[in-house]
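# Chains, contacts and geometry: an overview
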Amino acid sequence: MASKRACVLKGGISHEREISLISAKSYEDALKDLGYEFVSIDTKISFVDIIDQIAKFNPDVVVNALHGKFGEDGRIQAALDYMKIPYTHSGAVSSAIAMNKNFTKIIAEKIDVKTPKSELLQSFNDIKFEPPFVIKPVDDGSSVGVKLIFNDEDFNNLKKSDNNGTFLIEEYVKGKELTVGIIDGQPIAVTMINNKRKFYDYTAKYTSNNDASVHVLPAPVEDVYYQKVMQDTKKVYNALNLRGVARADFILSDEDYQLYFLEINTQPGMTPASLVPEQVKYGFGWDMNTLVEKIIKSAKYDE
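Scope of this entry: the structure provided in the associated data block. (Residues numbered from 1 in each chain as written. Predicted model: local features only at pLDDT ≥ 70, side-chain atom pairs only at ≥ 80, totals over all residues. Heavy atoms only, no water.)

## Some points on the nonpolar core
The cut-off we apply is this: Here, nonpolar core refers to any group of buried Ala, Val, Leu, Ile, Met, Phe, Trp, Tyr and Cys residues whose side-chain atoms link them within 4.5 Å. Relative accessibility thresholds used throughout: buried, under 20% of the residue-type maximum; exposed, over 50%; partly exposed, between the two (1.4 Å probe, protein chains only).
If you look at the biggest cluster of nonpolar residues, it comprises 48 residues, and the most contacted ones within it are Leu178, Val190, Phe261, Ile264 and Leu291. If you look at the next biggest cluster of nonpolar residues, it comprises 12 residues, including Ile50, Ile54, Val62 and Ile76.

## Observations concerning the pattern of salt bridges
We count it as follows: In what follows, salt bridge is the name for a side-chain nitrogen of Lys or Arg lying within 4 Å of a carboxyl oxygen of Asp or Glu. Working definition: helices are DSSP H or I runs of at least four residues, strands are E runs of at least two. Numbering for both runs from the N terminus.
Scanning the entire structure with this criterion turns up 13 salt bridges. Between Glu18 and Arg17 there is a salt bridge, and its shortest N-O distance comes to 3.9 Å. Glu170 is the partner of Lys105 in a salt bridge, and the nearest nitrogen-oxygen pair spans 3.3 Å. Linking Lys105 in helix α5 (residues 101-110) with Glu170 in strand β7 (residues 167-171), this pair joins segments that are 65 residues apart in sequence. Taken as a pair, Lys105 and Glu170 share a single burial class, namely buried. Several salt bridges converge on common partners, so that one network encompasses Arg17, Glu18 and Asp42.

## Considerations on the packing of helix α1 (residues 17-33) against helix α11 (residues 288-297)
Spelled out, the test is: Think of each axis as a best-fit line through the C-alpha atoms, taken over the contacting stretch in the case of a helix, with angles from 0 to 180 degrees between the N-to-C directions. Each angle receives one of four descriptions, namely roughly parallel if under 35 degrees, roughly antiparallel if over 145, roughly perpendicular if within 65 to 115, and oblique otherwise. Whether two residues are in contact is decided by their heavy atoms: any pair within 4.5 Å suffices. Classification used: nonpolar for Ala, Val, Leu, Ile, Met, Phe, Trp, Tyr, Cys and Pro, charged for Asp, Glu, Lys and Arg, polar for all others including Gly.
Here α1 crosses α11 at 90°, and the two axes come no closer than 9 Å. Between α1 and α11, the angle falls in the class roughly perpendicular. Across the interface between the two elements, Ser26, Tyr27, Ala30, Leu31 and Asp33 of α1 pack against Met288, Asn289, Val292, Ile295 and Ile296 of α11. Here the contact of α1 with α11 is composed, by residue class, of seven nonpolar, two polar and one charged.

If you want it as structure tokens, here you go:
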């Protein structure tokens, strides 16, 4: 392997800081095993200091273990493009688009990937939907800030809550929650998530299986749906010009048996409870070291 000096970006100041630190530990352990010399930078410091530390170490590759804003929205990617340093995961423009749930939905619909009916709004007082519906920040990850509104009481409480920012309102689709990892354009496997919570929220994603959710791999759905969720994941991945590893989330409706695309995550978690490491072990027989090695091989910067 040519690249042997790596810089791991982790932590930061987003809502997903703690998860980023756990994901980074998985990357760091793999880098040790793979024989890399590496440094880790907690990006809670100033942007100038982050760039200065990266430049001083002069890595062959930057391993982006950040989740959420700054690390996943194209900003750090744009800086690394300017520095001409290869980095893992998707590029600046693709990351920015994928982070915005509304932009991603628009693109998905243009390539005939079905999404739930939705609207974009700035204030909870402008909602035209009747319960049940889902409300989510348009540009946060790991289900941060997502709320399920089932009745008028939920709706009234929502209107009284903090509503700074831009939000996406989607019709609530009851059904099977499915997720697909994809690496280098190749879908890995489909997992069904059986939740002990209302939906696959932040706690369910990052708590060990028996406490908040159960991952059923492979998903026990008819082959026609299994193959379609794989195909739709690849279509969205290619349409957004993503690279490296990503993960897409879907709902298979109990009512109309339609598959609905929800979002795609360009920086999926690498924690012990995360889905992609489970899927590559099942689908490809890879351990974490092999997965990290594959992710690093896809690293590049955009000219």
